[in-house]
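Structure assessment
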Amino acid sequence: MAIIEAVGLRKVFRSLERQPGLGGAVRALFSRTFVDKVAVDDVSFSLDAGELVGYIGPNGAGKSTTIKMLTGILVPTAGTLHVAGIVPYQNRMANAANIGVVFGQRSQLYWDLPLRESFELLRAIYDVPRARYLENMKHFAEILDLERFLSTPVRQLSLGERMRGDFAAAMLHDPKIVFLDEPTIGLDVIAKEAIREFISMVNKERGTTVILTTHDLADVERLSRRIILIDEGTVIYDGSLERLREEYGTHRTLVVTLAESYPELAVPGAELESRDHNTVRLRFDRRRLTAEALIRRVTERYQIIDVAITEPDIDSIVRRIYLEGYHEGVVGAPS
Amino acid sequence: MRPRFRFEPYVQFMQKAMAREATYRFDVFTSVASVLVRVYLLRMVWVALYARNAAPSELPLHAIITYSTVALLMGLVMDIDQTRLLYEKLHTGGIATDFMKPIIVPLYLFADGSGEVIFHAVLIVPSLLLALLIVHIDVPGPLTLATFFLSFGLGYLVGFCINFILNCVAFWTLEIHAMQLIVTWVTDLFGGEIIPLVIFPAFLQKVAFALPFAAMFSTPLLIYVGVIKPERYAAALGLQAFWIVVLGLIATLMWRAGAKRVVVQGG
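Here is what the cut-offs are and how they apply
Residues numbered from 1 in each chain as written. Chains lettered and ligands numbered in written order. Predicted model: local features only at pLDDT ≥ 70, side-chain atom pairs only at ≥ 80, totals over all residues. Helix = DSSP H or I, 4+ residues; strand = E, 2+ residues; numbered from the N terminus. Buried ≥ 20, exposed ≤ 12 C-beta atoms within 10 Å, placed from the backbone. Rg over C-alpha atoms; globule rule 2.2 N^0.38 Å. Contact = placed C-beta atoms within 7 Å. Nonpolar A, V, L, I, M, F, W, Y, C, P; charged D, E, K, R; others polar. Core = buried A, V, L, I, M, F, W, Y, C linked by C-beta atoms within 7 Å. Domains from an automatic or database assignment. Pairing = 2+ DSSP bridges. Axes fitted to C-alpha atoms, helices over the stretch in contact; angles between N-to-C directions. Expected span 1.5 Å × (residues − 1).

1. Focus: the overall build of chain A
- Summing up its helical and strand segments, chain A has 11 helices and 13 strands in all.
- With respect to the principal axes defined by its C-alpha atoms, chain A has extents near 75 × 55 × 45 Å.
- Relative to its full complement of 335 residues, chain A shows a buried share of 35%.

2. A look at the overall build of chain B
- Summing up its helical and strand segments, chain B has 13 helices and 0 strands in all.
- Here chain B has a C-alpha radius of gyration of 20 Å; the compact-globule value for 267 residues is 18 Å, and the two agree.
- Dimensions of chain B along its principal axes, counting C-alpha atoms only, are 65 × 40 × 35 Å.
- Looking at the 267 residues of chain B, the share that counts as buried comes to 38%.
- The long-range fraction of contacts in chain B, counting pairs at least 24 apart against all pairs at least 6 apart in sequence, stands at 82%.

3. Some points on the interface of chain A and chain B
- Each side of the interface is counted separately: chain A has 26 residues, and chain B has 25 residues.
- If you list the elements that add at least two residues to the side of chain A that touches chain B, you get helix 2 (63-71), helix 3 (92-98) and helix 4 (115-126) of chain A.
- Partitioned by chemical class, the residues of the side of chain A that touches chain B number 16 nonpolar, 4 polar and 6 charged.

4. Examining the nonpolar core
Residue and element names in this part refer to chain A.
- Core analysis: the largest hydrophobic core is formed by 125 residues, its most contacted members being Val178 and Phe179.
- Apart from the residues lying within four places of it in its own chain, the contact partners of Phe179 are Ile67, Leu70, Thr71, Ile99, Val101 and Ile211.
- Grouped together as the second largest cluster of nonpolar side chains are 9 residues, Val256, Ala270, Phe284 and Val298 included.

5. A closer look at helix 2 of chain A
- A large share of helix 2 of chain A lies buried, amounting to 9 of its 9 residues.
- Taken from the residues just after helix 2 of chain A, Gly72 of chain A is the one with a positive phi, measuring 90 degrees.

6. A closer look at the domain arrangement of chain A
- The domains assigned to chain A are domain 1 (2-244) and domain 2 (250-311).
- One C-alpha centre belongs to domain 1 of chain A, the other to domain 2 of chain A; they are set 43 Å apart.

7. Focus on unusual backbone geometry
Residue and element names in this part refer to chain A.
- For Asp174, which is not glycine, the phi dihedral falls at a positive 50 degrees.
- By the secondary structure assignment, Asp174 is in the loop between helix 6 (159-171) and strand 6 (177-181).
- The class for Asp174 is partly exposed, based on 14 C-beta atoms found within 10 Å.
- Even without being glycine, Glu232 reaches a positive phi, approximately 50 degrees.
- Position of Glu232 relative to the elements: it lies in the loop between strand 8 (226-231) and strand 9 (234-240).
- Residue class for Glu232 comes out partly exposed when judged on the 15 C-beta atoms lying within 10 Å of it.

8. As for the environment of Asp112 of chain A
- You can see Asp112 of chain A is positioned in the loop between strand 5 (99-103) and helix 4.
- Overall, the presence of 16 C-beta atoms within 10 Å leaves Asp112 of chain A in the partly exposed class.
- Distance in space between the C-alpha atoms of Asp112 of chain A and Val154 of chain A is 6.3 Å, their sequence separation being 42 residues.
- Setting aside anything within four residues of it in sequence, one finds Asp112 of chain A in contact with Pro153 and Arg155 of chain A together with Arg20 and Thr23 of chain B.

9. Let's talk about the pairing of strand 11 (residues 271-276) of chain A
All names here are of chain A.
- Counted residue by residue, strand 11 has 0 buried out of 6 residues, so it is predominantly exposed.
- As defined by bridge partners, strand 11 adjoins strand 12 (residues 279-285) across 5 bridges and the pair is classed as antiparallel. Within strand 12, the position partnered with Asp276 by the bridge is Thr279.
- Here strand 11 folds back onto strand 12 in antiparallel fashion, the turn holding 2 residues, of which His277 has a positive phi close to 55 degrees.

10. Some remarks on the pairing of strand 5 of chain A
Residues and elements named next belong to chain A.
- The element strand 5 is extensively covered by neighbouring structure, given that 5 of its 5 residues are classed as buried.
- Side chains Ile99, Val101 and Phe103 of strand 5 all project onto a buried face; the interleaved residues Gly100 and Val102 project onto the opposite face, where all are buried too.
- Alignment of strand 5 against strand 6, held across 5 bridges, turns out to be parallel. Opposite Phe103, over in strand 6, you have Asp181 as the bridge partner.

11. Some thoughts on the sheet that holds strand 10 (residues 251-258) of chain A
All names here are of chain A.
- With antiparallel pairing, the 4 strands of this open sheet are ordered in space as 11-12-10-13. The sheet is open, and its two borders are formed by strand 11 and strand 13 (304-310), each paired with just one other strand. Pairwise comparison of adjacent strand axes, ignoring direction, gives a mean angle of 20 degrees for this sheet.
- Across 7 bridges, the pairing between strand 10 and strand 12 is antiparallel.

12. As for the environment of Asp41 of chain A
Residues and elements named next belong to chain A.
- Note on placement: Asp41 falls in strand 2 (residues 34-48).
- Residue Asp41 is classed as partly exposed on the basis of its 18 C-beta neighbours within 10 Å.
- As a C-alpha pair, Asp41 and Ile177 span 136 residues in sequence and 24 Å in three-dimensional space.
- Excluding residues within four positions of it along the chain, Asp41 makes contact with Arg10, Glu232, Gly233 and Thr234.

13. Remarks on helix 6 (residues 105-122) of chain B
All names here are of chain B.
- Relative to the 26 Å expected for 18 residues at 1.5 Å per residue, helix 6 spans 26 Å between its end C-alpha atoms, a close match to the ideal helical length.
- Buried residues of helix 6: Leu109, Ala111, Asp112, Gly113, Gly115, Glu116, Val117 and His120, and no others.
- Looking at the buried positions of helix 6, the neighbouring elements they touch are helix 1 (8-23), helix 3 (61-78), helix 4 (84-92) and helix 8 (142-168).

Now the structure itself:
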C-alpha cells in the first residue's frame, strides 16, 4: 500500500529580481520586479510503506522543496499529495505527528540545553507514552552511543555527536515516515557509518519508510535499492540502482600509461575520455569490444608501460546523467 | 484528524526557557547590578533637579524617586524582548523545523517568552531588597497596590504585543534592527519608564497619552504613586485593555500573513 503518493507536484516561487550593483539595490527599494522560479516542475512518485528510497539530484534540483511539501510547510502550486492518507499542507499538525525529520545542516535540538532535555521536550510534544519513551531512549542510546554526552549542552557537542542526537530526536515518537535531508554531510567516515547503520536498523527493524536526500552516493549504495533522480524539478529516473548500473555500466575505461607522448592518439572502437601527460583514459563499450582486444589494438599502435581497467562507480554514472540527462535504454545507443 | 490539544508541551517550553535563562548566570548578576546602578543615578539626578527647580505639585521628590525605582524594577521584566526567538528563527530559517512539529507555533513562542520573563521576574525581589539600601520607596494602600499589579500585567501584555508585531516584521524584511532602535527610543521617551509623562509640556503629554506606549509603564506607575486616583482606575485599565485588543489584532493579522508567506514562499 502506498504511504506517500505524489501526483504532478509543482511549486513555483515568486521572488524579487535583483539588479546588479549599488544602483540596482537602491532602485530595488522603490520599484520591484518579480520573477517566477519553478523549483519543482512536475514530480510524481509513489512509495510503499517500509521502503527506503534515495532522492537524488544536483543542487537546486528541487529536492528540498519536495521534502518541504511532504512535511506540510510548503503549499504546492499544483498537484496532489498524500502522506499516510493525509494532505500535509491541509493538516500540518496531524501530518507532523506521523513524520520525523533530520536536516544535516540544521539541528532541531535545543541549543542551550543538555541533550537529554531536548528529548524530554520532544516526548511532551509528541505525547510519547513514558514506557515507550524510555524503551526507545535505551535502544537509541545503545546504538548511537549517546550515553557519554546526554548531559552536555547541545552547543558543546561535536557535529558527529549532534547528528546522532538529532537522529534519536527524530525517531523518538516512532514516526511512520522519516525524511533525511543530507544527514551525513560533513561527518567523518566512522560517524557516517554509525548513522547509516542506524538508518538501516530503523528501516529494517521498525519498518519505517525512509526518504533520503544526499549528495553522498555512498549513502545510497549502502542503504537503498531504489533511487529517484530529480533534475530541474522533474523526475528523470525512478527505479533500482542495479538497473541504472547495468544501463550505464556498459562502458568501462582503459587507463593506459604510454612510454612516450603521442600528440595524435586514436584507437578504433574507443573514445578518448581524457589525457594527462602520458596517461590516457579510453572509454569503451564492453559488449562491442573486449578489454583484451582493446589492449591489443593499443599495443599495436603505441609503446605502453602500464594498463588498468576501471568500472564506472555510481558517482560517475550520476555525474554523467546530470550532464547529459537520462536516456532510457542508453545501453544500445552508440556513444 | 486534528490531534487533541494538550498543555503539557507548552508548560515544558516555559520550563525549558527558564532553565535556559538560568544557564546565563553572569547575565543575571549584571542585570541586577545594572538596575541598582540606575536606581542610584536616577536618585541623584532627581535630587539635583528638584533642588534647583520648583517641584511639580503632583510629584514631590519622594514620589518621583519611588516612581523611578519601581519603573526600573518593572524594567527587569518589561525590557525583555520575549519574542526575539521568532526573529532568530526567521533569520536562521529554524522556523521551518518548528512548523514540522505538531505544535501551535505562536503559542510556543508565547510559552517560551513567558518562561524567560518569569525567570527574570524572580529577580525583582532581590533587586528590590538591595534597592531599599539606596533609596526609600513609598508603599501605597492595598487597593492601589492590587490595581498596580493588575495594571502591570496589562502593561506586560501591551509590551508583548508590540514586541511580537516588531519581530513579525522580520517575516518580510529579515532585518529589524533599525526599527527596533526607533521603537525602543520611542518607548523610552513616551512609555514613562524614565521620565513621568505628567511632567511633560502640555502638548507632548497629549501626544504621549494618545500612544500605546503609555499603557506599558506610565499607567501602572501613575497608579502606584497616586497620580491616577481610584475613581479613574477603571478608565485607566480599560484603556490598557483597549490597546491589548487593538495590538493583539494587528499581531494576529501579521502572524497569519507571515506564516502564510512561509508556507507559500518557503521563508
